[in-house]
Amino acid sequence: DCPGTGSAQAGSATACQGCPNQRLCAAGAAPDPAEAAELRARLRSVKHTVLVLSGKGGVGKSTFSALLARGLAARDDKQVALLDIDICGPSVPRMMGLEGEQVHQSGSGWSPVYVEENLGVMSVGFLLSSPDDAVIWRGPKKNGLIKQFLRDVDWGEVDYLIIDTPPGTSDEHLSIVQYLSAAHVDGAVIITTPQEVSLQDVRKEINFCRKVKLPIIGVVENMSGFICPKCKNESQIFPPTTGGAEKMCQNLNISLLGKVPLDPQIGKSCDKGQSFLAEVPESPATSSYRSIIQRIQEYCDLQHSQEEKII
């Protein structure tokens with residue numbers, strides 16, 4: 001019965017009583033007209049924006065975000081940006097091989113840190129003096145930094161902006177959706193693992209997307225079985241006791257973008273800051289990633305062509 005963040009009753013409806021986000025919705029995290037114009041101007045050069053969400057932590061959301069960005073940037077003619085708004089757990093700098101890098105200020109704003117000429121990254125991890133520093137912030141300060149990332153980072157002309165979010169449906173998610181309402185967002189990719197304890201939280205994430213009118217590109221089932229590199233037999237490390245993401249997507253009428261099997265090399269590559277897709281090109285997991293990335297590209301291209309027809 002949530003009225004939705006864009007409703008005039010947001011934060012004041014009967015259904016809002018006891019909701020942890022009640023005060024945020026009531027206050028209105030959406031930018032004022034001047035801020036909206038500023039955000040719109042900054043993000044005008046971004047062609048496609050994709051959010052990566054998960055219902056719970058530990059399902060491989062940041063890993064997917066990093067590999068999605070690397071996969072899209074494999075084409076030299078595409079400019080890709082990866083924005084990490086997981087304020088309290090910024091793991092993207094490590095995964096992208098950028099640990100220890102710092103943000104630099106230019107005349108046009110903050111300059112992202114580049115992995116390749118066509119792949120830039122921004123994260124709160126670049127603002128910390130040590131990777132072990134804890135970010136102990138309340139909601140308003142987190143929201144302020146997210147707004148600053150969107151308003152002040154000079155990405156230049158970008159084909160794809162990938163936004164890695166923290167798990168859940170809290171302050172950061174409401175803020176990013178409401179700030180991006182000033183510009184354009186293609187949709188969200190939701191990451192899960194096969195077991196019901198993960199799917200239960202993903203259903204909440206899907207409900208969140210529908211309430212805030214955020215399009216869902218599809219669901220990715222991560223850690224979907226393990227294929228032994230020697231005998232090639234497949235084992236279910238996380239058994240899909242209720243049918244896994246495939247059954248859930250059928251029930252909720254959502255696209256299943258693909259299933260990515262477990263591969264120990266994924267974790268090793270991320271720890272080293274290397275691209276798993278380039279390191280192990282013959283892995284079944286690499287094949288799954290490439291198929292999923294292709295489907296996301298096709299979705300974004302379709303959205304773009306439909307918008308051009310309307311214009």
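The shown structure was predicted, so the numbers you read here are calculated from the model rather than taken from an experiment.

### Things to note about the environment of Gly 107
Structurally, the position occupied by Gly 107 is in the loop between strand S3 (104-106) and strand S4 (109-111). Classification of Gly 107 by relative accessible area gives exposed; the value is 91%.

### So, the domain arrangement of the protein chain
In terms of domain boundaries, the protein chain breaks down into domain 1 (1-30) and domain 2 (31-309). Placing the centre of domain 1 and that of domain 2 at their C-alpha centroids yields a distance of 26 Å.

### A few points about the pairing of strand S6 (residues 119-123)
The side chains of a regular strand alternate between the sheet's two faces. S6 sits mainly inside the fold: five of its five residues count as buried. Covered by surrounding structure in S6 are Leu 119, Val 121 and Ser 123 together with Gly 120 and Met 122, the residues of both alternating faces. Taking the residues between adjacent antiparallel strands as the criterion, strand S5 (residues 113-116) and S6 are bridged by two residues.

### Topic: the nonpolar core
Within the largest apolar cluster, 83 residues are counted, with the highest numbers of intra-cluster contacts made by Leu 51, Phe 64 and Ile 296. Filtering out sequence-adjacent residues up to four positions away, Phe 64 remains in contact with Val 52, Val 189, Ile 191, Val 220, Tyr 289, Ile 292 and Ile 296.

### Points about the UniProt feature "domain: AAA+ ATPase" (unreviewed entry) in the protein chain
UniProt feature "domain: AAA+ ATPase" (unreviewed entry): in the numbering of this structure it lies at residues 47-218. Regarding residues 47-218, the helix share stands at 33% and the strand share at 26%, and the terminal C-alpha atoms are separated by 19 Å.

### Overview of the packing of aromatic side chains
On inspection of all chains with the given rule, the structure shows two aromatic pairs. Measuring from centroid to centroid gives 5.8 Å for Phe 64 and Tyr 289, while their planes differ by 25°, and the two rings are stacked. Of this pair, Phe 64 sits in helix H3 (residues 61-72) while Tyr 289 sits in helix H11 (residues 284-310), and the two are 225 residues apart along the sequence. A relative accessible area of 2% places Phe 64 in the buried class. With centroids separated by 5.9 Å and ring planes inclined at 65°, the aromatic side chains of Trp 110 and Phe 149 adopt a geometry described as edge-to-face. Of the two residues, Trp 110 is situated in strand S4 and Phe 149 in helix H5 (residues 139-152); the sequence distance between them amounts to 39 residues. Across the pair, exposure class does not vary: Trp 110 and Phe 149 are buried alike.

### Quick look at the pattern of salt bridges
Taken as a whole and assessed by the stated rule, the structure comprises 10 salt bridges. Among the salt bridges present, the one from Asp 164 reaches Lys 61, with a minimum N-O distance of 3.0 Å. Here Asp 164, found in strand S7 (residues 158-164), pairs with Lys 61, found in helix H3; they are 103 residues apart in sequence, far enough to count as distant. This pair shows no difference in class: Asp 164 is buried, exactly as Lys 61 is. Between Lys 204 and Asp 201 there is a salt bridge, with its nearest N and O atoms 3.5 Å apart. Of this pair, Lys 204 and Asp 201 both sit in helix H7 (residues 196-211), separated by three residues, roughly a single helical turn. For Lys 204, a relative accessible area of 49% puts it in the partly exposed group.

Quick notes on the rules
Residues numbered from 1 in each chain as written. Predicted model: local features only at pLDDT ≥ 70, side-chain atom pairs only at ≥ 80, totals over all residues. Heavy atoms only, no water. Helix = DSSP H or I, 4+ residues; strand = E, 2+ residues; numbered from the N terminus. Buried < 20%, exposed > 50% of the residue type's maximum accessible area, 1.4 Å probe, protein only. Domains from an automatic or database assignment. Pairing = 2+ DSSP bridges. Core = buried A, V, L, I, M, F, W, Y, C linked by side-chain atoms within 4.5 Å. Contact = heavy atoms within 4.5 Å. UniProt positions renumbered as here; feature names shortened; annotations may be inferred. Phe/Tyr/Trp six-rings, centres within 6.5 Å; stacked < 30°, edge-to-face > 60°. Salt bridge = Lys/Arg side-chain N within 4 Å of Asp/Glu carboxyl O.

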